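Coordinates in review
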Amino acid sequence: MPKDPTLSRLELLQGTLDFIILQTLRWGPRHGYGMAQMIRASSNNMLQVETGSLYPALHRLTKKKWLTSAWSTSENGQRVRIYTLTAAGEKQLAAERSKWERLNYALAGLMLAPPTEG
């Protein structure tokens, strides 16, 4: 029986999209479509960011000065806006990564250890 691909995708938690975008741009400048493709590929097709969410988030992060953007030409000759992580964006990414690492640590403890009384 074929697997339903919608069942294997994860819903993004509130506030995770900014972190995902910053993390994706850590590996270099990208245009929006390239980011969406990288997010999907890097997450083994578990995360898919739709343009209706991605572009408003990119605009918001640019407004916060965590990203810069400039027009360029894509590999196939289309005019695209390229987004780059700024120093402030790198600082924000470090703070976000720290929060996620602490959350992952806490969740791992909940999932792996039996509760103790005390």
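Residues numbered from 1 in each chain as written. Predicted model: local features only at pLDDT ≥ 70, side-chain atom pairs only at ≥ 80, totals over all residues. Heavy atoms only, no water.

1. Remarks on the packing of helix H2 (residues 16-25) against helix H5 (residues 87-112)
Two numbers describe how H2 lies on H5: the axes approach to 10 Å, and their chain directions differ by 120 degrees. As judged from the angle between their axes, H2 and H5 are oblique. Once H2 is placed against H5, the crossing between them reads as left-handed. Each of Thr-16, Phe-19, Leu-22 and Gln-23 in H2 lies in contact with H5, whose residues at this interface are Gly-89, Gln-92, Leu-93, Glu-96, Arg-97 and Trp-100. A per-class count over the contact of H2 with H5 returns four nonpolar, four polar and two charged. (Axes fitted to C-alpha atoms, helices over the stretch in contact; angles between N-to-C directions. Helix = DSSP H or I, 4+ residues; strand = E, 2+ residues; numbered from the N terminus. Parallel < 35°, antiparallel > 145°, perpendicular 65-115°, else oblique. Left-handed = near helix turned anticlockwise from the far one by under 90°. Contact = heavy atoms within 4.5 Å. Nonpolar A, V, L, I, M, F, W, Y, C, P; charged D, E, K, R; others polar.)

2. Side note on the packing of aromatic side chains
Tallied over the full model, the rule gives one aromatic pair. Residues Phe-19 and Trp-100 carry aromatic rings whose centres are separated by 5.8 Å and whose planes lie at 25 degrees to one another, so their mutual orientation is stacked. Linking Phe-19 in helix H2 with Trp-100 in helix H5, this pair joins segments that are 81 residues apart in sequence. Judged by relative accessible area, which is 16%, Phe-19 ranks as buried. It is Arg-79 that lies over the ring of Trp-71; its NZ or CZ is 4.4 Å from the centre. (Phe/Tyr/Trp six-rings, centres within 6.5 Å; stacked < 30°, edge-to-face > 60°. Buried < 20%, exposed > 50% of the residue type's maximum accessible area, 1.4 Å probe, protein only. Lys NZ or Arg CZ within 6 Å of the ring centre and 35° of its normal.)

3. Things to note about the sheet that holds strand S1 (residues 30-31)
Read across the sheet, three strands follow the order S1-S3-S2 without closing on themselves; strand pairing throughout is antiparallel. One side of each edge strand has no neighbouring strand; the edge strands of this open sheet are S1 and strand S2 (67-73). (Pairing = 2+ DSSP bridges.)

4. Focus on the environment of Leu-17
Relative to the assigned elements, Leu-17 resides in helix H2. Classification of Leu-17 by relative accessible area gives buried; the value is 14%. Separated by 32 residues in the primary sequence, Leu-17 and Val-49 have C-alpha atoms spaced 8.3 Å apart.

5. Here's the deal with the nonpolar core
Membership of the largest hydrophobic core comes to 20 residues, with the highest contact counts inside it found for Ile-21, Leu-22, Leu-25, Leu-58 and Leu-67. Elements with a minimum of two residues in this core: H2, helix H3 (32-42), helix H4 (51-63) and strand S3 (79-85). Excluding residues within four positions of it along the chain, Leu-25 makes contact with Arg-30, Met-35, Leu-67, Tyr-83 and Leu-85. (Core = buried A, V, L, I, M, F, W, Y, C linked by side-chain atoms within 4.5 Å.)

6. Quick look at H5
Taking 1.5 Å of rise per residue, 26 residues should cover 38 Å, and H5 covers 37 Å from first to last C-alpha, within 8% of that figure. Of all the positions in H5, only Gly-89, Gln-92, Leu-93 and Glu-96 are classed as buried. For H5, the elements touching its buried residues are H2 and S3. (Expected span 1.5 Å × (residues − 1).)

7. Some details on a nonpolar patch on the surface
A cluster of nonpolar residues, Leu-103, Leu-107, Leu-110, Met-111 and Leu-112, forms a patch on the protein surface that exposes about 580 Å² of accessible area. By secondary structure assignment, the location of Met-111 is in helix H5. (Patch = residues over 30% accessible without salt bridge, like charges linked within 9 Å, V, L, I, M, F, W, Y side chains within 5 Å. Areas by Shrake-Rupley, 256 points an atom, 1.4 Å probe, with all protein chains shown as cover. Salt bridge = Lys/Arg side-chain N within 4 Å of Asp/Glu carboxyl O.)

8. Description of the pattern of salt bridges
When the charged atoms of two side chains with opposite charge come close together, those side chains can pair. Following the criterion strictly, the structure yields three salt bridges and no others. With a shortest N-O distance of 3.4 Å, Lys-99 and Glu-96 are connected by a salt bridge. You can see Lys-99 and its partner Glu-96 sitting in helix H5, three residues apart, about one turn around the helix. Exposure remark for Glu-96: the relative accessible area of 11% places this residue in the buried category. Glu-101 is paired through a salt bridge with Arg-97; the nearest N and O atoms lie 3.7 Å apart. With Glu-101 and Arg-97 both in helix H5, this residue pair falls four residues apart, about one helical turn. The partly exposed category is assigned to Arg-97, whose relative accessible area is 28%.

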